[in-house]
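Topology and contacts: notes
For reference, the chains in residue letters:
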Amino acid sequence: MTYVRDAWYVAGWTPDLPRDAPSAISILGEPVVLWWADGVLRAHEDRCLHRLAPLSSGRCEGASLRCMYHGLLYDAEGLCIEIPGQDKIPDGARIRSYPVVDRHSWAWVWMGDPALADPALIPPAVGFDDPDYILGRGFLDYAAEARLINDNLLDFSHLTYVHAASFQATGVFADSLPKITPLERGIRVERWVTDAPGLPQRGGSGPADVWSTYDFLIPGVLLMTGGNFPVGTAQASNFGPPDFALVEGGTTFTSQAVTPTGDGTARYFFSWGPHRNHGDEAMRDALMEVAAMAFAEDKAMIEGQQRIIDATPDPRIMPTVHDKGVTIFNRLVERLAAA
Amino acid sequence: MTYVRDAWYVAGWTPDLPRDAPSAISILGEPVVLWWADGVLRAHEDRCLHRLAPLSSGRCEGASLRCMYHGLLYDAEGLCIEIPGQDKIPDGARIRSYPVVDRHSWAWVWMGDPALADPALIPPAVGFDDPDYILGRGFLDYAAEARLINDNLLDFSHLTYVHAASFQATGVFADSLPKITPLERGIRVERWVTDAPGLPQRGGSGPADVWSTYDFLIPGVLLMTGGNFPVGTAQASNFGPPDFALVEGGTTFTSQAVTPTGDGTARYFFSWGPHRNHGDEAMRDALMEVAAMAFAEDKAMIEGQQRIIDATPDPRIMPTVHDKGVTIFNRLVERLAAA
Amino acid sequence: MTYVRDAWYVAGWTPDLPRDAPSAISILGEPVVLWWADGVLRAHEDRCLHRLAPLSSGRCEGASLRCMYHGLLYDAEGLCIEIPGQDKIPDGARIRSYPVVDRHSWAWVWMGDPALADPALIPPAVGFDDPDYILGRGFLDYAAEARLINDNLLDFSHLTYVHAASFQATGVFADSLPKITPLERGIRVERWVTDAPGLPQRGGSGPADVWSTYDFLIPGVLLMTGGNFPVGTAQASNFGPPDFALVEGGTTFTSQAVTPTGDGTARYFFSWGPHRNHGDEAMRDALMEVAAMAFAEDKAMIEGQQRIIDATPDPRIMPTVHDKGVTIFNRLVERLAAA
């Protein structure tokens, strides 16, 4: 499967990465160790130069990371600075460093050419330090290609079928098309659902015009918000973005990121929660319960899809009108991957 | 491994296939969905045209089956008749249909050329609608090639060793040969065990002459009956089939079917129970307990055999005199598979 | 991975091999059955000639082993001596026999040319029949190449890091080098740790000069002893082997053997316990608790190392000064394997 190398991949929730011990993640099949060098997040290949032991089984020593097999010590740049029992360290003894940024409560790792690692390319997610939102978080490991999860997130017509129970989604998602706008590194998907009750856990007591908008960005990051507006707002806004001053409730934010870990496997990170003006910790917890149910529905369907693809000698798809976003995004992936 | 495509494979016990939801099975490595279109059994490839989601995770809607990923709807012939949000359905949008017949409580699926799917080729099993027999049923999933299970069922000399405990089998199965007769699509195996106690769970209180006969038919279906006769009947019958008017008890029927599900895996379906004149529900339950023990003995041996074969660079066998049935049947398989 | 075929591999602890039933082991990917022919240990390919069923699922009958699938019988030399229901046994019907020796409580199996199977090449381990030692034993199955376990045992500098907790190992193992002497089929590793407390479970109440010496022999067998001596003994011995008449305590023996079972798997056998003059059953039990902790530490590190190697397209190592023993031994392996 083709993925973009010159991109920032989510490697973990930074609040969940222990400060005094390294963490392991695999990205695009490459083992990566995350650790804090005197409080600064670092990412390196998870592989000691000596005999390829995992540095994620190592020990943090201030601004250094020690392999706990035979004791080789590495500095924050990945340079080997100590070999126990040996005076001389071979020239160029250095493990690969990956550019890494701690932002929006996520560890973003750049898997491509370090010279191109521009932090401005990091999607503008919402972290736990954001004063406006009360968020919960989690992750799921998939036995499926990241591409299949991306496809799922790029076409919300599946809500009508996969999430009829969890999100109480109606036929509108399948029967009508959202507005899709290509962005430089992704797409924007906007939709009005008019005169609807809205999700009770989100404060929906309808009827309201429910607005939702999300960006899906390279390499596989979804950022979504929206809210409930007075009935008629959609029409008054000419079915475009509303004036948020009119919002009556239901504003939440969700960040979701899909990281290809290996061949046929992926890790799916997510957060969700209400705007502080429209909800509280109890609403966040209720939304996380909905998310647990909904994301399990997706996982069952997508892993089933992967099993069928694996059992298919020459897999071909038949795109539908709902695949516009999928098609635009995957073409962008192919173009950036080829660059 | 070579299997015959132009054959009816058992895909499930129809009493166990839910009427209101589809079921999944894999046959010869192909994912198949079984479902009831307004009460009529259907079999299709278990793969939505759109993005290859499993239709076995879908929803039955009268005579139609809906993919529950993005809502595509298929009719009983596999024709796509609805794509949500889209007016036009592409010409030829159709999933593969497999000929399927509900007979003898089994779903029989034809994996080869549909034009050759003659229901007359379905082996004459005994189902739960048969007034003469009181049957139990079950299935086991094997981590072994179907061929190895067929071989097991084609040579009952293994009873003496594998089933000494469960079937209380004596040396007669290994020390003497049954009569084997080639059939158009299989073989017939007949045997007298004279002056024997018989299996207590089968009503055997001996001594009796115990007659057994089974057909083993393409693609891998065993149909077996027999009974206990007065001592001397074997001799009086010139060791051929007895006059069933003389039977004193012990008549049971067992249907067994071996379906290759994938590379190195198989599903083994079985039923067993007494003739109504010779037993009751209690005897059926006792026989099913014997079967559970015996079929676990087979499974352990055959899965062990598969592991050894997998660890053998150039596996060769050394046929014995007991392999006559195995050899005849497997040559038939090779011949039909090549046709 | 390259291993020496002309070598004695440990296949099991003979006190743990049931006398009345065969046992299965895989060595270098070959299935081997171990059994007692009238009390004499035998080793053959674990594969019936007939249809490749595992003979380890068979039955011991005096000096013969019967396949319990269809009843073929083999004598102690692997010759087929009975085929049920068949008078004639094909010429040359014989399973492969492996030379096997029951010595030092281990079953040693020769995997190469039988003509070269010289029992004098069996490493001089210590078994449970040795009157001087009170030993415990066990084994662990690894999801890693035997070679990686050998490497671990050939370089004790890992004690400082991997076993800081279990063995209370100090920096001396990593900071200084042991004396390494090449042997005809392995290496000898000797070390003094001076003025040290010693391991409490070993009777160490320090300070003492602690001597340890081990041979690591083809194909992967470690034999180790040592003891606590008065402070100053190391110096007085010119840091060479001490006069054991001076030993004050702490003498133990450990035999460890690494057997490659298959591709990326190994079985690691071990024993440990005190000399009868320096300990008792309670000390043995305390040492086995330390071993359980320490060998789990090794297993976690080495299986992690294997996972990283598997994820590395072109794995290369960077040897250190501690790799002298590893390098000498692995060159010997390559030389003997090529011979």
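As the structure is a prediction and not an experimental result, all values here were calculated from the model. (Residues numbered from 1 in each chain as written. Chains lettered and ligands numbered in written order. Predicted model: local features only at pLDDT ≥ 70, side-chain atom pairs only at ≥ 80, totals over all residues. Heavy atoms only, no water.)

Overview of the interface of chain B and chain C
- Residue-level contacts link 28 residues of chain B with 23 residues of chain C.
- For the pair chain B and chain C, the summed buried surface comes to about 2,200 Å²; carbon and sulfur atoms form 62% of the total.
- Counting every contact that joins chain B to chain C gives two salt bridges.
- Arg51(C) is the partner of Asp151(B) in a salt bridge, and the nearest nitrogen-oxygen pair spans 3.5 Å.
- Along the contact surface separating chain B from chain C lie eleven residue pairs in polar contact (both at pLDDT 80 or more). (Contact = heavy atoms within 4.5 Å. Buried area = accessible area lost by both parts, 1.4 Å probe. Salt bridge = Lys/Arg side-chain N within 4 Å of Asp/Glu carboxyl O. Polar contact = N/O pair within 3.5 Å; in protein donor to acceptor, adjacent residues only side chain to side chain.)

Quick look at the relation of the copies chain B and chain C
- Least-squares fitting of chain B to chain C yields an RMSD of 0.0 Å, with the transformation described by 0.0 Å of translation along the axis and a rotation of 120°. Taken together, the rotation angle and the small translation identify this as a three-fold axis. In terms of proximity to the rotation axis, the leading residue of chain B is Asp263(B), whose C-alpha is 12 Å off the axis. (Least-squares fit on C-alpha atoms with pLDDT ≥ 70 in both.)

With respect to helix α5 (residues 281-310) of chain C
- With 30 residues, α5(C) extends 42 Å from end C-alpha to end C-alpha; this agrees with the ideal 44 Å at 1.5 Å per step.
- Near the N-terminus of α5(C), the side chain that reaches the backbone nitrogen of Ala282(C), with its oxygen 3.2 Å away, is that of Asp280(C). (Helix = DSSP H or I, 4+ residues; strand = E, 2+ residues; numbered from the N terminus. Expected span 1.5 Å × (residues − 1).)

Quick notes on the interface of chain A and chain C
- Every contact between the two is made by 23 residues of chain A and, on the other side, 28 residues of chain C.
- Summed over both partners, the interface of chain A with chain C comes to about 2,200 Å²; 62% of that surface belongs to carbon and sulfur atoms.
- Summed over the three residues of chain A that lose the most area to chain C, namely Arg51(A), Leu52(A) and Tyr69(A), the buried surface amounts to 36% of that side.
- Here chain A is connected to chain C by two salt bridges.
- For Asp323(C), the salt bridge goes to Arg51(A), with nearest N and O atoms at 3.0 Å.
- On the surface where chain A and chain C come into contact, there are eleven residue pairs in polar contact (both at pLDDT 80 or more).
- Partitioning the side of chain A that touches chain C into residue classes produces twelve nonpolar, seven polar and four charged. (Nonpolar A, V, L, I, M, F, W, Y, C, P; charged D, E, K, R; others polar.)

A word on the state of the cysteines
Residue and element names in this part refer to chain B.
- This structure, assessed with the given rule, holds zero disulfides over all chains.
- No disulfide involves Cys67; its sulfur sits 3.9 Å from that of Cys48, the nearest cysteine.
- A relative accessible area of 1% places Cys67 in the buried class. (Disulfide = S-S within 2.5 Å. Buried < 20%, exposed > 50% of the residue type's maximum accessible area, 1.4 Å probe, protein only.)

Section: the confidence of the model for chain A
- Confidence in the prediction for chain A averages 96 pLDDT; 100% of positions are at 70 or higher.
- In the predicted assembly, ipTM is 0.96 and pTM is 0.96. (pLDDT = per-residue confidence, 0-100.)

Here's the deal with the packing of aromatic side chains
Residues and elements named next belong to chain B.
- For the coordinates displayed, the defined rule picks out 48 aromatic pairs over all chains.
- Aromatic pair Trp192 and Phe229: ring centres 5.6 Å apart, planes at 75°, arrangement edge-to-face. One end of the pair, Trp192, is in strand β14 (residues 186-196); the other, Phe229, is in strand β16 (residues 221-229), and 37 residues separate them in sequence.
- The ring centre of Phe128 lies 4.6 Å from the NZ or CZ of Arg137, which sits over that ring. (Phe/Tyr/Trp six-rings, centres within 6.5 Å; stacked < 30°, edge-to-face > 60°. Lys NZ or Arg CZ within 6 Å of the ring centre and 35° of its normal.)

With respect to the pattern of salt bridges
Residue and element names in this part refer to chain B.
- A complete count under the given rule lists 52 salt bridges over all chains for this structure.
- Among the salt bridges present, the one from Arg147 reaches Glu334, with a minimum N-O distance of 2.9 Å. Of this pair, Arg147 sits in helix α1 (residues 146-153) while Glu334 sits in helix α6 (residues 324-338), and the two are 187 residues apart along the sequence.
- In this structure Glu334 comes out as partly exposed when scored by relative accessible area, which is 37%.

Quick word on the sheet that holds strand β9 (residues 97-98) of chain A
- Strand order in the open sheet formed by four strands is β2-β3-β4-β9 (chain A), with antiparallel pairing between adjacent strands. Here the strands that pair on one side only, and so sit at the sheet edges, are β2 (23-27) and β9 of chain A. (Pairing = 2+ DSSP bridges.)

Comments concerning the environment of Val333(C)
Residue and element names in this part refer to chain C.
- On the secondary structure map, Val333 appears in helix α6 (residues 324-338).
- Note on Val333: relative accessible area 4%, which makes it buried.
- Taking the C-alpha atoms as reference points, Val333 and Gly220, 113 residues apart in sequence, are found 9.7 Å from one another.
- Non-local contacts of Val333, meaning those with residues more than four positions away in its chain, are made with Thr2, Tyr3, Val4, Arg147 and Ile218.

Topic: the pairing of strand β13 (residues 179-183) of chain B
Residues and elements named next belong to chain B.
- One ladder, built from five bridges, connects β13 with β14; its direction is antiparallel. If you follow Pro182 over to β14, its bridge partner there is Ile187.
- Hairpin connection between β13 and β14: a loop of two residues separates the two successive antiparallel strands.

Thoughts on the packing of α1(B) against α6(B)
Residues and elements named next belong to chain B.
- The geometry of α1 relative to α6 is characterised by a closest axis approach of 9 Å and an angle of 145° between their N-to-C directions. Judged by the sense of rotation from one axis to the other, the crossing of α1 with α6 is right-handed. Residues Arg147, Asn150 and Asp151 of α1 pack against Val326, Phe329, Asn330, Val333 and Glu334 of α6. (Axes fitted to C-alpha atoms, helices over the stretch in contact; angles between N-to-C directions. Left-handed = near helix turned anticlockwise from the far one by under 90°.)

Some points on the sheet that holds strand β13 (residues 179-183) of chain A
All names here are of chain A.
- Pairing is antiparallel in the open sheet, where seven strands are placed in the order β12-β18-β17-β16-β15-β14-β13. A strand with exactly one partner marks an edge of an open sheet, and here the two such strands are β12 (136-142) and β13. Shown here is a sheet whose adjacent strand axes are inclined to one another by a mean of 15°, direction ignored.
- Pairing geometry for β12 and strand β18 (residues 265-274), over seven bridges, is antiparallel. Bridge pairing links Leu140 to Tyr268 in β18.

So, helix α1 (residues 146-153) of chain A
- The buried fraction of α1(A) amounts to eight of the eight residues, a majority that puts the element mostly inside the structure.
- Taken together, the buried positions of α1(A) are Ala146(A), Arg147(A), Leu148(A), Ile149(A), Asn150(A), Asp151(A), Asn152(A) and Leu153(A).

Focus on the side chain of Arg147(A)
Residues and elements named next belong to chain A.
- Overall, the relative accessible area of 9% leaves Arg147 in the buried class.
- A distance of 2.9 Å separates polar atoms of two side chains, one belonging to Arg147 and the other to Glu334.
- Contacts of Arg147, omitting those with residues within four sequence positions, involve Met1, Thr2, Tyr3, Asn330, Val333 and Glu334.

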